[in-house]
Each structure stands twice: as structure tokens, then as C-alpha cells.
Amino acid sequence: MGEASAEAAMDVDNKGKDASSIKVISVQERLAANVQLIEKAVKQKETRTLFSKLIRITQAIRKELSAHDVQVFVRSTLPTSLASSAAIVEHLQQVPATTTKDNGSADTAELVLATSDPLPEVEIYAYYLALLILIDNKQWPAARSLSSLTIDRLTTFNRRTLDVLGSRIFFYYSYAAEKSGALAEIRSCLLALHRSAVLHHDDIGQETLLNLLLRNYLAFNLYDQAEALRAKAQRDTYRSSHQHSRLLFYQGQIRAVRLEYSDARDALTQALRKAPAPAHGFRATVTKWLVVVRLLLGEVPDRAELVAPELHGALGVYLDLAATVRAGDLSAFASVASRHVSTFKADGTVHLVSRLRANVIRAGLRRIAAAYSRISLADVAAKLGLASTEDAEFVVAKSIRDGGISAMIDHDNGIVVAAAGADVYSTDEPLAAFHARIAFCMDVRNEAQRAMRYQMRPQHHSFEEANEAREKQEQELTAMLEEDDADF
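About the criteria used
- Residues numbered from 1 in each chain as written.
- Predicted model: local features only at pLDDT ≥ 70, side-chain atom pairs only at ≥ 80, totals over all residues.
- Heavy atoms only, no water.
- Helix = DSSP H or I, 4+ residues; strand = E, 2+ residues; numbered from the N terminus.
- Buried < 20%, exposed > 50% of the residue type's maximum accessible area, 1.4 Å probe, protein only.
- Contact = heavy atoms within 4.5 Å.
- Areas by Shrake-Rupley, 256 points an atom, 1.4 Å probe, with all protein chains shown as cover.
- 1 Å grid on protein atoms, 1.4 Å probe; cavity = no way out; pocket = protein on both sides within 12 Å on 5 of 7 lines; lining within 4 Å.
- Points joined across faces, edges and corners; volume = space filled by probe spheres on them.
- Nonpolar A, V, L, I, M, F, W, Y, C, P; charged D, E, K, R; others polar.
- Pairing = 2+ DSSP bridges.
- Axes fitted to C-alpha atoms, helices over the stretch in contact; angles between N-to-C directions.
- Salt bridge = Lys/Arg side-chain N within 4 Å of Asp/Glu carboxyl O.
- Core = buried A, V, L, I, M, F, W, Y, C linked by side-chain atoms within 4.5 Å.
- pLDDT = per-residue confidence, 0-100.
- Polar contact = N/O pair within 3.5 Å; in protein donor to acceptor, adjacent residues only side chain to side chain.
- Parallel < 35°, antiparallel > 145°, perpendicular 65-115°, else oblique.
- Left-handed = near helix turned anticlockwise from the far one by under 90°.

Enquirer: Teacher, can you tell me more about the overall build of the chain here?
Expert: For the chain, the count of helices and strands is 24 helices and three strands. For the chain, with 488 residues in total, the buried portion stands at 40%. Across the chain, the fraction of contacts at a sequence separation of at least 24, relative to all contacts at a separation of at least 6, is 66%. Accessible surface computed for the chain: about 28000 Å², of which carbon and sulfur atoms make up 53%.

Enquirer: I would appreciate a short explanation of the layout of surface pockets in the present structure.
Expert: Using a probe with the size of a water molecule, rolled over the atoms, empty space left in the structure can be pinpointed. What the largest pocket holds in volume is close to 1800 Å³. Contributing to the lining of the largest pocket are 50 residues, with Phe 171, His 242, Gln 243, Arg 246 and Phe 282 lying nearest its centre. Secondary-structure elements contributing two or more residues to the lining of the largest pocket are helix 3 (49-60), helix 8 (163-179), helix 10 (203-219), helix 12 (241-257), helix 14 (280-296), helix 18 (341-347) and helix 19 (350-354). In terms of residue class, the lining of the largest pocket is made up of 20 nonpolar, 18 polar and twelve charged. Considered as a void within the structure, the second largest pocket measures approximately 1500 Å³ in volume. Along the wall of the second largest pocket there are 38 residues; nearest its centre are Asp 266, Gln 270, Arg 273, Phe 440 and Asp 443. Elements supplying a minimum of two residues to the lining of the second largest pocket: helix 12, helix 13 (261-274), helix 14 and helix 23 (429-451).

Enquirer: What exactly am I supposed to notice about the sheet that holds strand 2 (residues 407-410) here?
Expert: By definition, the strands of a sheet pair up through backbone hydrogen bonds, in either a parallel or an antiparallel sense. On the basis of which strands lie adjacent, the open sheet formed by three strands has the order 1-3-2 and antiparallel pairing. The sheet is open, and its two edges are formed by strand 1 (374-376) and strand 2, each paired on a single side. For this sheet, the mean angle separating the axes of adjacent strands, direction not counted, is 25°. Pairing geometry for strand 1 and strand 3 (residues 415-418), over three bridges, is antiparallel. Counted as the bridge partner of Ile 375 is Val 416 from strand 3.

Enquirer: Honestly, the pairing of strand 3 in this entry has me stumped. Any pointers?
Expert: When a strand is regular, its side chains alternate between the sheet's two faces. In terms of strand pairing, strand 2 meets strand 3 through four bridges, oriented antiparallel. Its bridge partner being in strand 3, Ala 407 is matched across the sheet by Ala 418. Counting the residues in the hairpin turn of strand 2 and strand 3 gives four residues, including Gly 414, whose phi is positive at 70°.

Enquirer: Got a minute to help me understand the pattern of salt bridges in this structure?
Expert: Between side chains of opposite charge, a pair can form when the charged atoms approach closely. One pass over the structure, following the stated rule, counts 16 salt bridges. Arg 255 is the salt-bridge partner of Glu 260, the closest N and O atoms lying 3.2 Å from each other. Here the salt bridges share partners, and the residues they tie into one network are Asp 224, Glu 227, Arg 230, Arg 255, Arg 258 and Glu 260.

Enquirer: What's the story with the nonpolar core in this structure? I'm lost.
Expert: The tendency in soluble globular proteins is for nonpolar side chains to be buried side by side. Counting residues in hydrophobic clusters, the biggest one holds 121 residues, and the most contacted among them are Ile 88, Tyr 125 and Leu 321. Element by element, the count of residues in this core is highest for helix 6 (residues 120-136), at 13 residues. Those residues in contact with Tyr 125, other than ones at most four positions away along the chain, are Leu 31, Asn 34, Ile 38, Leu 54, Thr 58, Phe 73 and Leu 165.

Enquirer: I tried to follow the environment of His 194 on my own but got confused; where do I start?
Expert: With respect to the element layout, His 194 can be found in helix 9 (residues 187-199). As a C-alpha pair, His 194 and Glu 207 span 13 residues in sequence and 8.9 Å in three-dimensional space. Not counting residues within four places of it along the chain, the set of residues in contact with His 194 comprises Gln 206, Leu 209, Leu 210, Leu 213 and Ala 233.

Enquirer: Just checking my understanding: could you explain the side chain of His 244 for this structure?
Expert: Mapped onto the elements of the fold, His 244 is located in helix 12. When its relative accessible area of 17% is taken as the criterion, His 244 is described as buried. Those residues in contact with His 244 that lie beyond four places of it in its chain are Tyr 238 and Lys 274.

Enquirer: Explain unusual backbone geometry here, please?
Expert: With the exception of glycine, most residues fall at negative phi, and the peptide bonds are largely trans. Within the chain, Lys 138 stands out as a residue other than glycine whose phi angle is a positive 60°. Relative to the elements of secondary structure, Lys 138 occurs in the loop between helix 6 and helix 7 (140-154). In this model, Leu 259 sits at a positive phi of 70°, which is unusual for a non-glycine residue. Relative to the assigned elements, Leu 259 resides in the loop between helix 12 and helix 13.

Enquirer: Can you walk me through the confidence of the model for the chain in this structure?
Expert: Reading fine detail from the predicted coordinates is not recommended where pLDDT is low. Taken as a whole, the chain shows an average pLDDT of 78; of its residues, 83% reach a score of 70 or greater. The low-confidence segment residues 17-21 (pLDDT under 50) makes zero contacts with residues lying over four places distant or belonging to another chain. Here residues 99-112 is modelled with pLDDT under 50, and outside its nearest four sequence neighbours on either side it reaches 21 contacts, counting other chains as well.

Enquirer: I tried to follow empty space enclosed by the protein on my own but got confused; where do I start?
Expert: A full pass over the atoms with the stated rule returns one cavity of 30 Å³ or more. Forming the boundary of the largest cavity are 13 residues, of which Ile 368, Ala 369, Ile 375, Ile 405 and Val 416 lie nearest the centre. Secondary structure elements with two or more residues in the lining of the largest cavity: helix 20 (357-371), strand 1 and strand 3. Counting residues per element, the lining of the largest cavity draws most heavily on helix 20, at three residues. Classifying every residue of the lining of the largest cavity by side-chain character gives eleven nonpolar, one polar and one charged.

Enquirer: Please explain the environment of Trp 289 as it appears in this structure.
Expert: Counting through the fold element by element, Trp 289 comes out in helix 14. Between the C-alpha atoms of Trp 289 and Ala 264, which are 25 residues apart in sequence, the distance is 9.2 Å. For Trp 289, the residues in contact, after removing those within four places along its chain, are Phe 249, Gln 253, Ala 256, Leu 268, Asp 347, Gly 348, Thr 349 and Leu 352. A polar side-chain atom of Trp 289 sits 3.3 Å from the main-chain carbonyl oxygen of Asp 347.

Enquirer: Looking at this structure, I do not really get helix 5 (residues 83-92). What am I missing?
Expert: An α-helical turn contains 3.6 residues, so a residue and the one three or four places further along point in the same direction. Burial of helix 5 is extensive: seven of the ten residues sit out of reach of the surface. Within helix 5, burial applies to Ser 84, Ser 85, Ala 87, Ile 88, Val 89, His 91 and Leu 92. Elements that come into contact with the buried residues of helix 5 comprise helix 4 (67-77), helix 6 and helix 7.

Enquirer: Explanation requested: the packing of helix 13 against helix 14 in the structure shown.
Expert: The angle between the axes and the distance between the axes are what describe a pair of packed helices. Put simply, helix 13 and helix 14 touch, their axes get as near as 9 Å, and they point 155° apart. What the angle tells us is that helix 13 and helix 14 run roughly antiparallel. When you trace helix 13 past helix 14, the crossing you get is left-handed. Taken together, the residues of helix 14 that come into contact with helix 13 (itself represented by Tyr 261, Ala 264, Arg 265, Leu 268, Thr 269, Ala 271 and Leu 272) are Phe 282, Arg 283, Val 286, Thr 287, Trp 289, Leu 290, Val 293, Arg 294 and Leu 296.

Listed below in C-alpha cells is the structure:
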């Protein structure tokens, strides 16, 4: 027992030593490492990999970052004579003081030494950190003011190593304006920035600004202007899959409002497929629009699609809406639409939901035609919740003309006589469904092929390989001719 207790005590001591030997990296040390990463990226003229890594590292320490940390970083990185340093510190002073731990900022303030001429990338990165603090603390006026100063400073440079940081600045500039209720005021500035990004061949800036402009137009229901911009500014290839998924979502919204439901469904489906898995809010928003568009097309989504655990019950209203459309119950549909009208307005789908009334009636007529071979128009009006038999007669006649149901109306007796059910395989429906599935698979294959990256090879290598291949073919051809002559 004594030896066992002694060994246990030694194990505890060793574990304590191991735990004490682990060094906790402070926020300032991580920011200092980020500055070194920026310098490395600028030296290598890297505009994608290293700066994307910088953004990911910054987002990882965002919860630990405080206004005091950013102020220490600015004072230790940027010279006091620089106007940007004073502007950043002045805006950060508007953040209310908190009781959070400073993470050793005071002890590590000298980790990064200020230089007389800092890199523009380091200066813009300091602006970026300050914007994160202001937005996390919901200081919208200060965030809008500082983002405007950042845009003014950013436009004085023309460096491709600023493209990734600039795209994040553009996003937070629009986000702060949206939260401040000044989204319309920045539209001309966004257009000017997009024009500059096109002239400077700033790919990630073009993608980000195009999405911000589309969001700006759609916020004010300017669908025609949004479609005109998208048609002229849309790119063939996209550097960021996240920005591409956002563009597809906005394109689906525009198509749905313009009654192009098939194109809207395709765009929304691709947006949902390209959306990152952790973006539950974005995926829920796309799914809401996709559900309504599919209902307008006569498709009823499965229940499993609307009760996915990652959506956290955000689609409960749309689950009830799909159930009423499936049942063809007009009174239940009117009840759901009136009870959740505020939700539909917040989601921007209220106009599309109002168009579903005809689909509910059509679904109800199909159920009635499948259940009854003969039924009076009065009973049809009662089952569909229509006001009179004249309305029921008009609705049934229109559905027969559109091909929704196969039936005929006996006007003398006031009854609807359903026709014998036709074999669906004798129609073009299986061919259309098979074609749609093949087209979807081909789109997936083409997009995957376009997304593949191939290693760039020097051009002279390709010439040498082509010459070798040509010489090899000539030798094979000569050998074949010699064999033919010998056989002859």
C-alpha cells in the first residue's frame, strides 16, 4: 500500500510538472505572429493562401480579443505620427470597459516593435482588428465611421496583397451601414469600389462587392436593377466558393420574384450545396426560399428536409405551410399565412407565399379528382373553402384547361365527372424526370471539373514534351510503314 501511494504521488507530481511546463500563448504573441505572417506573404507576393490563413487565425482568437489588446497592438506596431494610429485608438475608446482579463497584454506589449514605415498590409490589418472589436460590441456608428476611414485609406494603395483584407473590410463596411440604417447611402460608394476592383483585376474584391451590391438592391426590392447588375458583372469562375454560394442565393431570389421558378430552384439548390456546413443560418435562409419555390412548382418537399437537426427548428412555419399545400386545404393555408405573416415578411417570402393560393386549390382538386368519379360543384366549393359554386366551376374549368386534372363539367346537372386515370408511363413525365436528373448530375460534374486546380508548368516544358511526342509518333509511323513494305 505504501509503495502504491508513493507511485500515485509521483504520477501526480509529474502531471503537475507537465501542466506547468505548457506555455500559454497570449493574444499579443498571436498578433505578433500574424504580423510576421503578413510580412512573409508580402515578401512572397502571396495573395491567397497565407492571407486566408491570417483571416482564419484572427477569427479563431476573436472571442479572446479585447479593445485593450488592439490598442496595445496599434501602439506597438504603428508609429504615433501616423494618422491611422490615432484614429483607431480614438474609435476603440468608445467601447465600454469590461472586466475581462487582458490576456497578458501589458506584459507582452513589446513583442511587436513599431517601425517608422510599416507595411500597408499591417496598417489595414490593424483597422480590421479594430472593426471586429466595434462590431462585436455593437458600436454601429463608430464601426461605420471607422470603416469609412479604412475604405479611404485602402483606396490610396494598389497592391494585390491587400485584396483579401480589403474584401473583409468591404463586407464590414456594408454590414455596419446596414445595422445603422444607412444601406442606401453607401450604394454609390460600393459601385465605385466594384469598378475599381474590376480595373485592378481584384478577383476576390469583385466577388464580394457584387454580392454586397445585390444585397443592397434586394433590401429595397430593386429586382430589375439587381438583375441588370448581375447579368453584366457575373463572372465565369469564382475564387471563393462562399461568395459563389451567396451569389447563387441572390440569383435564386431574383429568379423567383420574376416567376422563373425552375431557374430559381436550380440556383437555390446549388447555393445550398455549395454553402459551408457550419453556416446554419445561411443554410436555413436558403432552404426557406427553396421550399416556397418548390411548392410553387408543384413539388412538396419531404418532411425530413424540413426537420434536419442542424436547422434547429427554424423551418417549423414552412413545415406547416407545406402540409397545407399537400392537403389542398385552402382554409388551413389562409390560417397559416395570416398567423405567420410577420415571419414571412422578415424572411422576404411573403409575396411568394401569397402566390401559393392557386397551388393549394390545384392540389385540392387533384385529391378530389382522384377520390371521386362524380362530385357536385357545391361539394367541391365546400371542400376547397370557396365562396360559391360559380367560383368552384371557374376554378375547375381553369384546372381542366391547364391540364391539372382530367375531368369534364356537366353544366346542366352541376357535377364534375372525372376521367379514367391514364398510365403515367405513356406520357412524357418519366422522360422529363430522367432528363432533369441527368442534367443535375452533369452540372455537378462540370462544376467539380472547373473547381479542380492544376499545377502550372513552365511553357518550355510543354513545347519539349510536344516535340518528343511528335517525334515518337513519327518513329512509330515510320516503323509501321517499314513493316507494311516488308509484308508486301
